[in-house]
Amino acid sequence: MKNPFIFGRAVMGKHFVDREKDIHELRSAMLSGQHVVLFSPRKIGKTSLIKETFRRTEEAICIHLDLWQVTSTYSLGKEIINSVVNETYGSIEKLGRDLKDLFKALRPKISIDMEGHIGVELEKGEEEEVLILKEALNFPENVARKKGVKLIIAFDEFQEIEHLDGLELEKLFRSILQHHENVSYIFAGSERSLINIIFGAKERPFYRFAKHIVLEPIDREVLVRFVVNKFAASGKRIDMDAARWTVEFSEGIPYYVQHICHEVWYMAEKEVKRELVEKVIGERILPGLSSGFEVIWKGIKSEGQRKLLIGIANENQPQIYSQRFIEKYRLKSPGHVRKAIKSLEGVGLIEEDRIWDIFFREWVKQNFYSRI
Ligand SMILES: Nc1ncnc2c1ncn2[C@@H]1O[C@H](COP(=O)(O)OP(=O)(O)OP(=O)(O)O)[C@@H](O)[C@H]1O
Ligand SMILES: [Mg+2]
């Protein structure tokens, strides 16, 4: 029997649970021509939500673009154009006929790869990078108009544009996309501070450009049923206590639930009890992740930041600015705590005054309490 739990890539269809309200909200916004910023901390399920919503949307042509792998303005432009071509043109002849109407300044060549995917090739002169991107940003609207269809484009990991040419690119995106009438855009991202800067700061071009949707963890009872049913359907059983414990430990974040259950499923003979779940986390999952965590830990050079992480990991509801907490973890002053929090947020380890990665939190807890 195949392992029914999937983690590490976006899930859809029978692997996707809940989120009806989010799907509805996202769909209505998209189809009414509104742009959306979809934010959550890592691993809550943004990409899955987008892909599942797209799977259920037949009224428009939906395109998912991941900016994670984009390394230059040029590759971003190329990626946009080719993804749109791929989803909208089935024949070279048709594309050839439309090409001169779709581009203003560029004259790209049509190409076709081994698998029959149609694309275009763009000559690249250094000074043309921005020109290519401008044309690329206009391309979806031009195609939508030409073909009389509605397009929806998701820029996943949108905060990555900050690593290219941040502010300039924001201005360019905004100045071009604001004129589009046949394309709705979704901007998804997980680094709250960056997304806040891009879409929240008054002086930045994206201010108030889009509707904001914040993705929350999944309802815990729904996840418990998901876990119990997946085990049952695959010929194994998990008892209620173990399923609840797993979901509580995961704080309703589907990634952790799926990851833990994936490992537990392999180890389970027939009936899973809570002891097995704890054993799998302690003896399989955390050891597997520890070399990566060590690298992260060694990268934290400030002693104050390390002590703060240890304190946060070891308290149930840490009052990080309280006298008691500061004394117990020898953190000097609330000012020092605030500064450390800011730095740790900056590198994505802390979110809402908590260590966001539950496994990392557990690893810190298991390894460092005695050192304080
Ligand atoms: N609705 C869902 N139902 C079941 N599992 C889910 C759901 N959403 C997410 N997951 C689980 O969480 C994992 C991470 O999901 P996904 O990649 O969509 O999150 P993300 O927020 O885009 O993450 P990242 O921050 O890394 O981009 C998936 O591989 C899957 O195991
Ligand atoms: Mg994602």
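On a predicted model such as this, the values are computed, not experimentally measured, just so you know. (Residues numbered from 1 in each chain as written. Chains lettered and ligands numbered in written order. Predicted model: local features only at pLDDT ≥ 70, side-chain atom pairs only at ≥ 80, totals over all residues. Heavy atoms only, no water.)

**Focus: the sheet that holds strand β6 (residues 183-189)**
- What the 5 strands build is an open sheet, ordered β2-β5-β6-β1-β7; its pairing is parallel. At either end of the open sheet lies a strand with only one pairing partner, and these are β2 (61-66) and β7 (211-214). Ignoring strand direction, the axes of neighbouring strands in this sheet form an average angle of 20°.
- Relative to the sheet, helix α1 (residues 20-31) contacts β1 (36-39), β5 (151-156), β6 and β7, its axis offset from that of β7 by approximately 165°.
- Along the sheet face, helix α5 (residues 129-147) touches β5 and β6 and points at about 140° away from the line of β6. (Pairing = 2+ DSSP bridges. Helix = DSSP H or I, 4+ residues; strand = E, 2+ residues; numbered from the N terminus. Axes fitted to C-alpha atoms, helices over the stretch in contact; angles between N-to-C directions. Contact = heavy atoms within 4.5 Å.)

**Some words on the nonpolar core**
- Formed by 78 residues in total, the largest nonpolar core has its most connected members in Ile186, Val227, Phe231, Trp297 and Leu308.
- Filtering out sequence-adjacent residues up to four positions away, Leu308 remains in contact with Ile320, Phe325, Leu331, Val337, Ala340, Ile341 and Leu344. (Core = buried A, V, L, I, M, F, W, Y, C linked by side-chain atoms within 4.5 Å. Buried < 20%, exposed > 50% of the residue type's maximum accessible area, 1.4 Å probe, protein only.)

**A short note on the domain arrangement of the protein**
- Each assigned domain of the protein is listed here: domain 1 (19-214), domain 2 (218-299) and domain 3 (300-372).
- Inter-centroid distance (C-alpha atoms) of domain 1 to domain 2 is 35 Å. (Domains from an automatic or database assignment.)

**Observations regarding the packing of aromatic side chains**
- Enumeration according to the criterion identifies 29 aromatic pairs in this entry.
- Centroid distance Phe206 to Phe209: 5.3 Å. Interplanar angle 70°. Geometry classified as edge-to-face.
- Its relative accessible area of 0% is what places Phe206 among the buried residues.
- The exposure class assigned to Phe209 is buried, which follows from its relative accessible area of 14%.
- Aromatic pair Trp265 and Tyr266: ring centres 5.9 Å apart, planes at 75°, arrangement edge-to-face.
- The class for Trp265 is buried, based on a relative accessible area of 5%.
- In textbook terms, an aromatic cluster arises when at least three aromatic residues are bridged by ring pairs, as seen for Phe155, Phe158, Phe173, Tyr185, Phe187, Phe199, Phe206 and Phe209. (Phe/Tyr/Trp six-rings, centres within 6.5 Å; stacked < 30°, edge-to-face > 60°.)

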